[in-house]
Amino acid sequence: MNVEEIIKTKTNIPLPKRTIIHLSLVVNKIDEIIATTLKPYEISIQQYNVLSILRGQKGNPANLSTINERMVTKMSNTTRLVDKLIMKGFVKRRVCKENRRKVEILITETGLNILTEIDGILFETEKRILENFNENDLNEFNILLDKF
């Protein structure tokens with residue numbers, strides 16, 4: 001991916017600015033590819049993230065703040081994401097028995113099934129996105145990214 005070609009400039013971009021632009025372009029490209037992969041299932045990347053978080057709870061409920069703090073992309077509309085997943089039958093909401101002010105969110109069997117269906121396809125998509133990197137490249141890249 002050549003930054004200058006994509007933003008159509010012949011100007012020499014200072015390295016720090018070029019790096020930020022480059023990272024933004026890569027993130028957007030990855031999001032576009034993953035969104036396209038998820039489109040047939042009619043769920044967004046953020047909805048997939050919520051489902052993955054709930055699956056990771058292994059049958060235990062989560063509340064909105066737990067989901068929000070574990071989201072890859074932090075957002076203020078977690079309630080709306082959960083509402084959409086409820087309408088699709090992928091999650092359910094219930095009032096906590098011990099504390100009636102607390103709302104618990106659980107993944108349904110349908111939600112688990114859709115994740116199982118998506119897992120293999122998403123694995124292949126991730127493999128395709130990273131096809132130009134070997135394991136050593138990925139380890140080095142992750143070490144660099146950890147500096148953030």
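Just above sits the structure.
Please read all numbers here as calculations on a predicted model, not as lab measurements.

With four of five residues buried, strand S2 (residues 103–107) lies mostly within the body of the structure. When strand S1 (residues 91–95) meets S2, the two strands line up antiparallel, connected through five bridges. Note on S2: the bridge partner recorded for Val91 is Ile107.

A few words now on the pattern of salt bridges. Any two side chains of opposite charge can pair, on the condition that their charged atoms come close. Under the counting rule described, the total for this entry stands at six salt bridges. Across the pair Arg18 and Glu4 runs a salt bridge, and its minimum N-O distance is 2.8 Å. Placement of the pair is Arg18 in helix H2 (residues 15–38) and Glu4 in helix H1 (residues 3–6), with a sequence separation of 14 residues. Classification of Arg18 as partly exposed rests on a relative accessible area of 22%. Here Glu4 falls in the buried class, since its relative accessible area comes to 17%.

Here we take up the environment of Thr110. Mapped onto the elements of the fold, Thr110 is located in helix H6 (residues 109–129). Given a relative accessible area of 42%, Thr110 falls into the partly exposed group. As for Thr110 and Ser52, which are separated by 58 residues in sequence, their C-alpha atoms are 13 Å apart.

Between helix H3 (residues 45–56) and H6, the least distance of the axes is 11 Å, while the angle of their chain directions is 115 degrees. On the basis of the axis angle, H3 is roughly perpendicular to H6. Read as a crossing pair, H3 and H6 show a hand that is left-handed. The residues of H6 that touch H3, namely those facing Tyr48, Leu51, Ser52 and Arg55, are Leu112, Ile114, Leu115, Thr116, Ile118, Asp119 and Leu122.

Right, let's talk about the environment of Val95 for a bit. Within the secondary structure, Val95 sits in strand S1. With a relative accessible area of 41%, Val95 lands in the partly exposed category. Through-space distance from the C-alpha of Val95 to that of Ile105 is 8.8 Å; in sequence the pair is ten residues apart. Once residues lying within four places of it in the same chain are set aside, the contact partners of Val95 are Arg100 and Lys102.

All right, on to the nonpolar core then. Membership of the largest hydrophobic core comes to 23 residues, with the highest contact counts inside it found for Ile43, Val50, Leu51, Leu54, Ile67 and Ile118. When residues of this core are assigned to their parent elements, the largest contribution, five residues, is made by H3. Apart from the residues within four sequence positions on either side, Ile43 is in contact with Leu38, Tyr48, Leu51, Lys88, Phe90 and Ile118.

Definitions and cut-offs
- Numbers given for residues are sequential positions, taken from 1 along each chain in its written order.
- Per-residue local features are limited, in this predicted model, to residues with pLDDT of at least 70; the limit for side-chain atom pairs, both in listing and counting, is 80 or more; totals at the level of whole chains, interfaces and linings are taken over all residues.
- Values reported for side chains reflect all heavy atoms of the structure, with hydrogen atoms and water molecules removed beforehand.
- Note on classification: 1.4 Å probe, protein chains only; a residue is buried when its accessible area is under 20% of the maximum for its type, exposed when over 50%, partly exposed between these limits.
- Elements are defined by DSSP. Helices are runs of H or I of four residues or more, strands are runs of E of two residues or more, and each kind is numbered from the N terminus.
- The rule for pairing is simple: two strands pair if DSSP sees at least two bridges between them.
- For salt bridges, the criterion is a side-chain nitrogen of Lys or Arg within 4 Å of an Asp or Glu carboxyl oxygen.
- Throughout, an axis means a line fitted to C-alpha atoms (over the contacting stretch in the case of helices), and angles, computed between N-to-C directions, take values from 0 to 180 degrees.
- Under this scheme an angle from 65 to 115 degrees is roughly perpendicular, one under 35 degrees roughly parallel, and one over 145 degrees roughly antiparallel; angles in between are oblique.
- Take the far helix as your reference; a near helix turned counterclockwise from it by less than a right angle gives a left-handed crossing, and one turned clockwise gives a right-handed crossing.
- Any pair of residues with heavy atoms lying within 4.5 Å of one another is described as a contacting pair.
- We call a set of buried Ala, Val, Leu, Ile, Met, Phe, Trp, Tyr and Cys residues a nonpolar core when their side-chain atoms join them within 4.5 Å.

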